[in-house]
Amino acid sequence: MKIPFHHNIIRSSFLILFLGIQSFKLTAQDTSKTLPQVGTTQKIGDVILFVLPVATAGTSLIKGDNQGVWQFTKGFVMTEALTYGLKLSINKTRPDLSNDNAFPSGHTSTVFHSAGYIHRRYGFKYSIPAYALAGFTAASRIDSKKHDIVDVLAGTAIGLGSNLLFTTEYQQKHMELSYSSFDGNYILGFTYKF
């Protein structure tokens, strides 16, 4: 039995999201040197880190925008690979001295990838709440002394930049023109969806 293409997209999207989350848990928050003080702002930022990408991909799935889900997934993979590749190669110490994975901010790159995807795919007015949540998350990383402004700006650039490579504007099919001919007869059809 052949599995429909959109089911493969859904499965691969969730697999990539799961692997990204597991990778994040393993490398980004190693606190073996010092135990951090986790405040409310940091907890909210941590929740947004998971909720915003899931809500973004989920909304595209609900809309039936399989092409958008695939574009989001490619951008997400690139964002995470670039972010964690830089974290592991640069080894910048965090302001709270908990580890050396400060540059760039993974929280910031992930949430700004989601917000940038919404902006580029569906338009600015739909992305305003996502940008507000992404901005809060970036500020929470500075407030919790996990990152400085340079880390956050680099994460923002990575998240937004991945959308420039993979995300295109959403084109709904409103009109369809069809033509067929058989036995000397010609049929011209026009369909408009509201």
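Heads up: the structure comes first, above all this text.
A brief structural summary. (Residues numbered from 1 in each chain as written. Predicted model: local features only at pLDDT ≥ 70, side-chain atom pairs only at ≥ 80, totals over all residues. Heavy atoms only, no water.)

1. Brief notes about the overall build of the protein chain
So, step 1. On a plain count of helices and strands, the protein chain comes out with six helices and two strands.
So, step 2. Across the protein chain, helices and strands are ordered from the amino to the carboxyl terminus as α-α-α-α-α-α-β-β.
So, step 3. By the burial criterion, 38% of the 194 residues in the protein chain qualify as buried.
So, step 4. Sequence-distant contacts, at least 24 apart, represent 71% of the contacts inside the protein chain between residues at least 6 apart.
So, step 5. Counting every atom, the protein chain has about 11200 Å² of accessible surface; 66% of that belongs to carbon and sulfur. (Helix = DSSP H or I, 4+ residues; strand = E, 2+ residues; numbered from the N terminus. Buried < 20%, exposed > 50% of the residue type's maximum accessible area, 1.4 Å probe, protein only. Contact = heavy atoms within 4.5 Å. Areas by Shrake-Rupley, 256 points an atom, 1.4 Å probe, with all protein chains shown as cover.)

2. Examining the environment of Leu-82
So, step 1. With respect to the helices and strands, Leu-82 occurs in helix 3 (residues 66-90).
So, step 2. With relative accessibility at 39%, the residue Leu-82 sits in the partly exposed group.
So, step 3. Sequence spacing of Leu-82 and Ile-158 is 76 residues, and the spatial spacing of their C-alpha atoms is 7.6 Å.

3. Details of a nonpolar patch on the surface
So, step 1. Together, Ile-142, Ile-149, Val-150 and Leu-153 give the surface a local cluster of nonpolar side chains, amounting to about 350 Å² of exposed area.
So, step 2. The dominant element in the nonpolar patch, judged by the number of residues it contributes, is helix 6 (residues 149-166), at three residues.
So, step 3. Here Val-150 is to be found in helix 6.
So, step 4. Look at Val-150 and you get partly exposed, because its relative accessible area is 48%. (Patch = residues over 30% accessible without salt bridge, like charges linked within 9 Å, V, L, I, M, F, W, Y side chains within 5 Å. Salt bridge = Lys/Arg side-chain N within 4 Å of Asp/Glu carboxyl O.)

4. Considerations on the packing of aromatic side chains
So, step 1. Enumeration according to the criterion identifies six aromatic pairs in this entry.
So, step 2. Taken together, a centroid distance of 6.0 Å and an interplanar angle of 20° make the contact between Phe-72 and Phe-76 stacked. Of this pair, Phe-72 and Phe-76 both sit in helix 3, separated by four residues, roughly a single helical turn.
So, step 3. For Phe-72, a relative accessible area of 5% gives the class buried.
So, step 4. Its relative accessible area of 6% is what places Phe-76 among the buried residues.
So, step 5. Consider the rings of Phe-72 and Tyr-117, whose centres lie 5.2 Å apart with planes at 75°: the pair is edge-to-face. Of this pair, Phe-72 sits in helix 3 while Tyr-117 sits in helix 4 (residues 106-122); the two residues are 45 residues apart in sequence, bridging distant segments of the chain. (Phe/Tyr/Trp six-rings, centres within 6.5 Å; stacked < 30°, edge-to-face > 60°.)

5. Digging into helix 3
So, step 1. With 25 residues, helix 3 ought to run about 36 Å at 1.5 Å a step, and its terminal C-alpha atoms sit 36 Å apart, in line with that.
So, step 2. Residues of helix 3 that are buried include every one of Gly-68, Val-69, Gln-71, Phe-72, Thr-73, Gly-75, Phe-76, Thr-79, Glu-80, Thr-83, Tyr-84 and Lys-87, and no others.
So, step 3. One or two positions beyond helix 3, positive phi appears at Asn-91, with a value near 55°. (Expected span 1.5 Å × (residues − 1).)

6. A word on unusual backbone geometry
With the exception of glycine, the majority of residues adopt a negative phi angle, and the majority of peptide bonds are in the trans configuration.
So, step 1. In this structure, the amide linkage connecting Phe-103 to the following residue, Pro-104, adopts the cis form with an omega of -10°.
So, step 2. Tracing the sequence through the fold places Pro-104 in the loop between helix 3 and helix 4.
So, step 3. For Asn-91, which is not glycine, the phi dihedral falls at a positive 55°.
So, step 4. The phi angle at Lys-145 is positive, at roughly 65°, despite the residue not being glycine.
So, step 5. Residue placement: Lys-145 occurs in the loop between helix 5 (124-143) and helix 6.

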